[in-house]
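Structure assessment
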Amino acid sequence: MTDATITSASPQPGASPATLTVREITEDDLDAWGRAYSKGNFVPYRAATLEKRRRVFEPGRWLGAYEGEECVGTFRGLALDLSVPGGALLPVLGVSSLAVVPSHRRRGILSALMAHGLNAAIARGEAAAVLHSAEYPVYGRYGFAPATRHGGFTVDVTASGGLRPGLDTSGSLREAAPEEVRRLGPALFDEARRNRAGAVSRPGWSWRRRTGAALLPGEEWEAPTVLVHEDGAGQVRGLVAYTVDGKWSDRVPDATLTVTDLIATTAQARRALWAHLLSVDWVRRIEVPDDPLPLLLRDPRAIHPLPHPADCLWLRLLDLPAALTARTYPPGLRLTLRVADPAGHVDGTWLLRTGADGSAEVTPAEGPADLALDAAALASLHLGGEQASRLTAAGLATELAPGAARLADTLFRTSAEPWCPDHF
């Protein structure tokens, strides 16, 4: 895209308005860009991060806001895809590293960066954008809404009693070296995430970081223990990575095991991995992200949710027909949506019709709608993490036809709550 110029109010009363430019940055801009990001987030600038940024830099997706030659705002775009209900992977823009230096805030710079980035995503054919929101009130005004929640729990190993008897934990477990994890992990993860909406792709640099292959000279890395599960045919069906703190209290083992990754493509693999975790010597507690484990334990009361579960992945729809038709629905339903979008990306009245196979057709509609809501509210429904009836009760959606909210609940409901295991 071409550079965008904005005229922002000067922070000094009586001074002339300042002209700023938003543009795609080059690799030569990374040092100044990184310094602006550090200023905007009140963190020390470390020269070592420059090499890390070079390794993950995606030309055409990273943006800077400039006043003259000075970088005063940052935006990092990532090429990702998102798992949606039904198992499809939807191309999306990942938005990260948003910052504006303190001296230039409240001048429209973040809005200009976001507009440039989202318009570029649409031009590339990306149907949505995703981000993790540092501040809850900020991103709703750009059409984003929470689409998944981040949680997890602690397992009291002794109180749990282990897995319920009679569960199939067949297959074998073995340790995997980092190079094998880099080779096996991507395909295993992509297969597993098709069974649950809300997960974003892991680029190659993510696997290198997870396995210690992206270290700079002098950096240290403590490798986790990684086990893979193989079924009876020798096919890898699961992977778990964890660390153990080795703590003792009053000469008694009191260690905590922290799961950093758990991937399973079969129920047997998941059970076998958990059977191992519950049997690790010295471990009294296991901390783990969201998982169906409670149903597997002899005593599910040994599970304690981690404090402060909160919103995780935020979603912004950019191409409504592409985004809505990527997922599946209950068959034989139709709903007309009136969507308000000040940015214009998904504004309009849209008819959603589902076929006998769960596929959908989305077309512009004439005449009255059944349900009115804005782009952010619709984004919160898309992965199944929110209900239209709750939105209606909160005044975030309006029924224009009796029963429309209940119909939308049925349309967008999913069998498993959406979940994103990664931050970016």
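Here, the structure is the one placed above.
Here's a quick rundown of the structure. Model, not experiment: these values are computed from the prediction.

**Observations concerning the environment of Val226**
You can see Val226 is positioned in strand β11 (residues 225–230). According to the relative accessible area criterion, Val226 is buried, its value standing at 9%. Counting along the chain gives 186 residues from Val226 to Gly40, while the straight-line C-alpha distance between them is 37 Å. Once residues lying within four places of it in the same chain are set aside, the contact partners of Val226 are Arg174, Glu175, Ala176, Val181, Leu239, Val240 and Ala241.

**Quick look at the pairing of strand β22 (residues 360–364)**
Across five bridges, strand β21 (residues 348–354) lies against β22 in antiparallel orientation. When the sheet's bridge partners are listed, Thr354 is paired in β22 with Ala360.

**Some thoughts on the pattern of salt bridges**
In this structure the tally under the stated criterion is 25 salt bridges. Arg54 is the salt-bridge partner of Glu51, the closest N and O atoms lying 3.8 Å from each other. Taken together, the residues span about one helical turn, with Glu51 and Arg54 both in helix α2 (residues 48–56) at a distance of three residues. Taking relative accessible area as the criterion, Glu51 reaches 33% and is therefore assigned partly exposed.

**A short note on empty space enclosed by the protein**
For the structure on display, the rule yields two cavities of 30 Å³ or more. Within this model, the largest cavity holds a volume of roughly 60 Å³. Taken together, Lys52, Arg55, Val56, Trp205, Arg208, Arg209 and Ala214 make up the full set of residues lining the largest cavity. Of all the secondary-structure elements, those providing two or more residues to the lining of the largest cavity are α2 and α6 (204–210). Quantified by volume, the second largest cavity comes out at close to 40 Å³. In terms of lining, the second largest cavity is formed by Gly60, Arg61, Leu63, Phe75, Leu93, His116, Gly117, Ala120 and Arg124. When residues of the lining of the second largest cavity are assigned to their parent elements, the largest contribution, four residues, is made by helix α3 (residues 109–124). A class-by-class count of the residues in the lining of the second largest cavity yields four nonpolar, three polar and two charged.

**Thoughts on the packing of aromatic side chains**
According to the stated counting rule, one finds nine aromatic pairs in the structure shown. Their ring planes at 70° and their centres at 4.9 Å tell us that Tyr136 and Trp314 sit as a pair that is edge-to-face. Taken together, the residues Tyr136 in the loop between β6 (128–132) and β7 (145–146) and Trp314 in strand β19 (residues 313–317) connect sequence positions 178 residues apart. Aromatic side chains Tyr329 and Phe412 sit 5.9 Å apart centroid to centroid with 80° between the ring planes, which places their arrangement in the edge-to-face category. Within this pair, whereas Tyr329 is found in the loop between α8 (320–326) and β20 (334–340), its partner Phe412 is found in helix α11 (residues 404–412), the two being separated by 83 residues in sequence. Note on accessibility: Tyr329 and Phe412 belong to one class, buried. One aromatic cluster is present, formed by Trp33, Tyr37, Phe57 and Trp62 through successive ring pairs.

What counts, and at which threshold
Residues numbered from 1 in each chain as written. Predicted model: local features only at pLDDT ≥ 70, side-chain atom pairs only at ≥ 80, totals over all residues. Heavy atoms only, no water. Helix = DSSP H or I, 4+ residues; strand = E, 2+ residues; numbered from the N terminus. Buried < 20%, exposed > 50% of the residue type's maximum accessible area, 1.4 Å probe, protein only. Contact = heavy atoms within 4.5 Å. Pairing = 2+ DSSP bridges. Salt bridge = Lys/Arg side-chain N within 4 Å of Asp/Glu carboxyl O. 1 Å grid on protein atoms, 1.4 Å probe; cavity = no way out; pocket = protein on both sides within 12 Å on 5 of 7 lines; lining within 4 Å. Points joined across faces, edges and corners; volume = space filled by probe spheres on them. Nonpolar A, V, L, I, M, F, W, Y, C, P; charged D, E, K, R; others polar. Phe/Tyr/Trp six-rings, centres within 6.5 Å; stacked < 30°, edge-to-face > 60°.

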